[in-house]
Amino acid sequence: SVFSADASGAAGDGHIASTGYALQMSSGAGQSVTIGGTAMSTSGGSELITIQGATGTSALRLSNSSATAGSSQVLLSVNGNSQLAFGTAQTQLTGNVNVGAGSTVNLSLASSSVLSGVVTAADTSLDASSIWNVAASSTPASLGNAGAVNYPAPTGGAFSTVTTSTYYVSQGGA
């Protein structure tokens, strides 16, 4: 199935607000969702975006948008052997990206996108104009960095780290 929404214009012209999931993809192959010019948020304790059983490399694309997690602090939760390509352009993401065992996510921050949060088990890449503000220690599956990875100040003498299970790729990033 394919879903596309475009509020045409500056981020925030369109709104998706929820007390539960703002977006859910489940049980299907090759699903595709594209959202542009929209502010997404949840005020509840659920994940903002949940992917469960979306196989065959499903795709989620956000452009000129913002996505803000609620009290759970989970922006994206991917489980159930899902395969997801998650691309952003000129998008502000606030919250954590969690990928469960057996699932894969290719997270691509491009065109001045900013992620503020923790990444767990996602293949993550940043182009030269994008930023990842690491909220706490993170374990992306891999990290391709041509942009900037910013760490928070130490808390109680403890530093946050980014540890990849395979390798860290520096492409001229910071």
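Fair warning: this is a prediction, and the values are worked out from it, not measured in the lab.

Rules of the game
- All residue numbers here refer to positions counted from 1 along the written sequence of the relevant chain.
- pLDDT decides what is reported in this predicted model: residues at 70 or higher carry local features, side-chain atom pairs at 80 or more are listed and counted, and totals for whole chains, interfaces and linings draw on all residues regardless.
- Note that the side-chain values use all heavy atoms of the structure and ignore hydrogens as well as water.
- For the purposes of this entry, the term helix denotes a DSSP run of H or I that reaches at least four residues, the term strand denotes a run of E that reaches at least two, and both are numbered from the N terminus.
- In this analysis, two residues are considered to be in contact whenever any of their non-hydrogen atoms come within 4.5 Å of each other.
- The accessible surface values rely on the Shrake-Rupley method and a 1.4 Å probe; as for residues, cover is taken only from the protein chains in view.
- Every residue is assigned a pLDDT by the predictor, reflecting its confidence on a scale from 0 to 100.
- Here the rule is simple: two strands pair whenever DSSP picks up at least two bridges between them.
- An axis is simply a line fitted to the C-alpha atoms; with a helix, the fit covers only the stretch in contact. Between two such axes, the angle follows the N-to-C directions and lies from 0 to 180 degrees.
- Any pair of nitrogen or oxygen atoms within 3.5 Å is treated as a polar contact; in protein, a donor-acceptor pairing is required on top of that, and neighbouring residues in sequence qualify only through side-chain atoms on both sides.
- Buried, partly exposed and exposed residues are distinguished by accessible area as a fraction of the type maximum, computed with a 1.4 Å probe on protein chains only: under 20%, between the cut-offs, and over 50%, respectively.

A. Structural context of the overall build of the protein chain. Each helix and strand counted, the protein chain has zero helices and 20 strands in total. A sequence separation of at least 24 residues applies to 51% of the contacts in the protein chain between residues at least 6 apart. A total of about 7,500 Å² of accessible surface is found on the protein chain, and carbon and sulfur atoms cover 51% of it.

B. Broad picture of the confidence of the model for the protein chain. For the protein chain, mean pLDDT is 89; residues scoring 70 or higher make up 88% of the total. Segment residues 8-12 is flagged for pLDDT under 50; beyond a separation of four residues in sequence, or across chains, it makes 11 contacts in the model.

C. Spotlight on the sheet that holds strand β14 (residues 114-117). Across the sheet, seven strands lie side by side as β2-β5-β8-β11-β14-β17-β19; this open sheet has parallel pairing. The open sheet has two free edges, formed respectively by β2 (14-18) and β19 (148-150), since each of these has just one partner strand. With direction set aside, neighbouring strand axes in the sheet form an average angle of 10°. Relative to strand β17 (residues 131-134), β14 is paired through four bridges, and the arrangement is parallel. Residue pairing for β17: Leu115 is matched across the bridge by Trp132.

D. Region of the structure containing the environment of Ser103. Within the fold, Ser103 resides in the loop between β12 (96-99) and β13 (104-110). Between the C-alpha atoms of Ser103 and Leu84, which are 19 residues apart in sequence, the distance is 8.2 Å. When sequence neighbours within four positions are dropped, the list of residues in contact with Ser103 reads Val78, Asn79, Gly80, Asn81 and Ser82. A distance of 3.2 Å separates the side chain of Ser103 from the backbone nitrogen of Asn81, its partner in a polar contact.

E. Local environment of the sheet that holds strand β15 (residues 119-120). Pairing is parallel across the open sheet formed by five strands, whose spatial order is β3-β6-β9-β12-β15. In this open sheet, the two edge strands, each paired with only one partner strand, are β3 (23-29) and β15. By the bridge criterion, four bridges tie strand β6 (residues 49-55) to strand β9 (residues 74-79) in an arrangement that is parallel. Residue Ile51 lies in a different strand from β9, and its bridge partner there is Val78.

F. Region of interest: the environment of Ala153. With respect to the helices, strands and loops of the structure, Ala153 is situated in the loop between β19 and β20 (167-170). Exposure remark for Ala153: the relative accessible area of 61% places this residue in the exposed category. As a C-alpha pair, Ala153 and Ala135 span 18 residues in sequence and 9.8 Å in three-dimensional space.

G. Focus on unusual backbone geometry. The backbone phi angle of Asn81 is positive, close to 60°, even though this residue is not glycine. Relative to the helices and strands, Asn81 is located in the loop between β9 and β10 (83-89).

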